[in-house]
Amino acid sequence: MEKLNHDHAYSNCPACEQVGQWKVEAKLEGIRRFLSDERLGVSTDISESVSYGYGDLNDNGFWEFPVPERLVQQRAKLRAAEEMAKLLQTVKKELAEMDTPWSNRLVKLIASEQVAWEKAGKGGK
Ligand SMILES: [Zn+2]
């Protein structure tokens, strides 16, 4: 995709409007593929920053369908939180099987943490 360096509003020029439309469509396509869990491409762009996306890489290291880095980071955090929740669930089950006063106290503590997490997760939407 050629970058046009015209110094005017998109609406004044069909060529710029077309380029603007392609950019938006490319971003949406990148996000669509990311959300459908396609294998994400990783590269380093011309400014030595990590860039994520799909499709072809241009000579400057930018993807045809780019994915914003913060989206990638947010998903990594979400997956880590899901893993921790699973681990907590396993520990709670093991403690419940022990059925001693201290293990039962811990089961209650973990259960209340899980409720708090769920609420926090729902509140974050
Ligand atoms: Zn123009």
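Residues numbered from 1 in each chain as written. Predicted model: local features only at pLDDT ≥ 70, side-chain atom pairs only at ≥ 80, totals over all residues.

**Description of the overall build of the protein**
Next, step 1: Helix and strand counts for the protein stand at three helices and three strands.
Next, step 2: Relative to its length of 125 residues, the protein is extended, with a C-alpha radius of gyration of 23 Å against a globular reference of 14 Å.
Next, step 3: The dimensions of the protein, computed from C-alpha atoms along their principal axes, are 75 × 30 × 25 Å.
Next, step 4: Evaluated residue by residue, the protein yields a buried proportion of 7% over its 125 residues.
Next, step 5: Expressed as a percentage of contacts within the protein between residues at least 6 apart in sequence, the contacts between residues at least 24 apart total 22%. (Helix = DSSP H or I, 4+ residues; strand = E, 2+ residues; numbered from the N terminus. Rg over C-alpha atoms; globule rule 2.2 N^0.38 Å. Buried ≥ 20, exposed ≤ 12 C-beta atoms within 10 Å, placed from the backbone. Contact = placed C-beta atoms within 7 Å.)

**Brief notes about the environment of L40**
Next, step 1: Tracing the chain through its elements places L40 in the loop between α1 (14-35) and β1 (41-44).
Next, step 2: A C-alpha to C-alpha distance of 8.8 Å links L40 and V67, two positions 27 residues apart in sequence.
Next, step 3: With near-sequence residues (within four places) excluded, L40 lies in contact with F34, Y52, V67 and V72.

**Describing the environment of S47**
Next, step 1: With respect to the secondary-structure elements, S47 resides in the loop between β1 and β2 (50-57).
Next, step 2: S47 sits in the exposed class, given 8 other C-beta atoms within 10 Å.
Next, step 3: Sequence separation between S47 and N60 is 13 residues; the distance between their C-alpha atoms is 8.6 Å.

**What about the sheet that holds strand β3 (residues 63-67)?**
One key point about sheets: their strands pair by backbone hydrogen bonds, in either a parallel or an antiparallel sense.
Next, step 1: Read from one edge of the open sheet, three strands run β1-β2-β3, paired in antiparallel fashion. Edge positions in the open sheet fall to β1 and β3, since each of these has one partner strand only. Averaged over all adjacent pairs, the angle separating strand axes in this sheet is 50°, with direction ignored.
Next, step 2: As paired elements, β1 and β2 share four bridges and run antiparallel to each other. Paired with T44 across the strands is V50, a residue of β2. (Pairing = 2+ DSSP bridges. Axes fitted to C-alpha atoms, helices over the stretch in contact; angles between N-to-C directions.)

**Section: the domain arrangement of the protein**
Next, step 1: Taken as a whole, the protein is organised into domain 1 (10-67) and domain 2 (76-123).
Next, step 2: Placing a centre on the C-alpha atoms of domain 1 and another on those of domain 2 gives a separation of 40 Å. (Domains from an automatic or database assignment.)

**Re helix α2 (residues 69-98)**
Next, step 1: With 30 residues, α2 should reach 44 Å at 1.5 Å per residue; the first-to-last C-alpha distance of 44 Å fits that figure.
Next, step 2: Residue D99 follows α2 closely and has a positive phi angle near 50°. (Expected span 1.5 Å × (residues − 1).)

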